[in-house]
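Residues per chain, in single letters:
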Amino acid sequence: MRFDGERRWALALELEPGGDPDDFLAAAERAMGRAEKDGAALVYGFVDARHADAVFERLGWPSLGPSPALVRPLRLAAAAARLDVPEGARALLPKTPLLLPFGRNWRSGVREISTRDPRVTRLWDRFSIDIGVAIERNANFVGPRIWDHPDADYRVLVFEDGDRYVIRAMCIFRVKAEADGIYGHVVELLHDRSVAGMRAASHLLGLALREMSDAGADAARAWSFVHSGSFPLLARHAFLPASRDDRLTVGVRAFDPALEHIVTQRHLWFLSGLDFDDV
């Protein structure tokens, strides 16, 4: 991970929705023991909001508050759910797509890639110039996470520019059938810090949403703090904060006192769906 420019390693934990908090507590104790033994800078974790206060109090971990979960309805019925329309009435609503009929054409420079690409490292370096705490989204991290995944159904769109085919923007997404419906996931959205890069990322996100809708997704999900470089683009495409029931709470424990003031400040963190093996 990167901590204000310094690169150190950390351990991350997650309590699955509906999981046993005692399992998380036991895993956290093991992780903290390993961190002390092996010199990790940080242990952090994500806990279902219903259990987070009790879990983090027992561990003595500061909380960063709710995860930055966002949702974008792609069907009329999914939008009605956010408006508290009774479930019986929602069942009568058509699954009409909530996307305008244009925007399907790929601009010049858009390409889908399906193998590891070393250019991802340079794109991350340009995107992350003001990020305080984050897992490094370099090629060595993104490659195994996306293309070596046992369920390798991720799609990666990039916007190339220039004679050397520099990547100005990248959008990683997938569509997944879950217990309560079909959802699209914006796993990662990166761009260089130029106007052209932001426009390219917005175009890629629009294409991804169209692909999700065509694949039958009821809604799209993403993670982005409001202070993150990707948030304005997600907001432009009508992503809204998810309900508290759909969020996790983030807790941290620094093992290097010099990092305490950095990792406990929410506005210095960058998180996205790529922080998980399986979004």
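Residues numbered from 1 in each chain as written. Predicted model: local features only at pLDDT ≥ 70, side-chain atom pairs only at ≥ 80, totals over all residues. Heavy atoms only, no water.

### So, the overall build of the chain
Along the backbone of the chain there are 9 helices and 14 strands. A burial count over the chain gives 50% of its 279 residues as buried. If you take every contact in the chain between residues at least 6 apart in sequence, the share linking residues at least 24 apart comes to 73%. (Helix = DSSP H or I, 4+ residues; strand = E, 2+ residues; numbered from the N terminus. Buried < 20%, exposed > 50% of the residue type's maximum accessible area, 1.4 Å probe, protein only. Contact = heavy atoms within 4.5 Å.)

### Overview of the sheet that holds strand 11 (residues 181-191)
Spatial ordering of the open sheet is given by 7-9-10-11-12-6-13, a layout of 7 strands whose pairing is mixed. If you trace the sheet from one side to the other, it starts and ends with strand 7 (110-113) and strand 13 (240-241), each paired once. Note: strand 7 against strand 9 (residues 155-161), 4 bridges, orientation antiparallel. The residue bridging V110 from the neighbouring strand is F159, located in strand 9. The strands touched by helix 7 (residues 195-214) within the sheet are strand 6 (69-73), strand 7, strand 9, strand 10 (166-178), strand 11 and strand 12 (219-223), with strand 10 carrying the most contacts at an inclination of about 20°. (Pairing = 2+ DSSP bridges. Axes fitted to C-alpha atoms, helices over the stretch in contact; angles between N-to-C directions.)

### A few points about the packing of aromatic side chains
For the structure shown, the criterion picks out 9 aromatic pairs. Arranged with centres 5.9 Å apart and planes meeting at 15°, the rings of F56 and W61 form a pair that is stacked. Ring centres 5.8 Å apart and planes at 55° place the aromatic pair W124 and F270 in the tilted group. Here W124 is found in helix 5 (residues 119-127), whereas its partner F270 is found in the segment after helix 9 (260-263), with 146 residues between them in sequence. Here the two residues W124 and F270 agree in accessibility, since each one is buried. Feature note: the residues Y44, F46, W223 and W269 constitute an aromatic cluster, connected by ring pairs. Over the aromatic face of Y154 sits the side chain of R174, whose NZ or CZ is 4.5 Å from the ring centroid. One cation-aromatic arrangement involves R221 over Y183; the distance from NZ or CZ to the ring centre is 3.6 Å. (Phe/Tyr/Trp six-rings, centres within 6.5 Å; stacked < 30°, edge-to-face > 60°. Lys NZ or Arg CZ within 6 Å of the ring centre and 35° of its normal.)

### A few points about empty space enclosed by the protein
Counted by the stated rule, this structure contains 1 cavity of 30 Å³ or more. Within this model, the largest cavity holds a volume of roughly 40 Å³. Lining the largest cavity are V186, V187, E188, L189, A222, W223, S230, L234, F270 and S272. Listed by contribution, the elements that provide at least two residues to the lining of the largest cavity are strand 11 and strand 12. Ranked by residues supplied to the lining of the largest cavity, first place goes to strand 11 with 4 residues. Of the residues assigned to the lining of the largest cavity, the class counts are 7 nonpolar, 2 polar and 1 charged. (1 Å grid on protein atoms, 1.4 Å probe; cavity = no way out; pocket = protein on both sides within 12 Å on 5 of 7 lines; lining within 4 Å. Points joined across faces, edges and corners; volume = space filled by probe spheres on them. Nonpolar A, V, L, I, M, F, W, Y, C, P; charged D, E, K, R; others polar.)

### Thoughts on the sheet that holds strand 1 (residues 2-3)
In space, the 3 strands of this open sheet follow the order 2-1-8, with antiparallel pairing throughout. Across the chains shown, the open sheet's two edge strands, defined by having one partner strand only, are strand 2 (6-7) and strand 8 (133-134). Across 2 bridges, strand 1 lies against strand 8 in antiparallel orientation. Pairing of F3 across the sheet is with V133, part of strand 8.

### Digging into unusual backbone geometry
In this structure, D4 takes a positive phi of about 50° despite not being glycine. Within the secondary structure layout, D4 lies in the loop between strand 1 and strand 2. The exposure class of D4 is exposed, given its relative accessible area of 58%. Of note, the phi angle at A238 is positive, near 75°, even though the residue is not glycine. Mapped onto the elements, A238 comes out in the loop between helix 8 (231-236) and strand 13. The exposure class assigned to A238 is partly exposed, which follows from its relative accessible area of 35%.

Read these as geometric descriptors, not functional statements.
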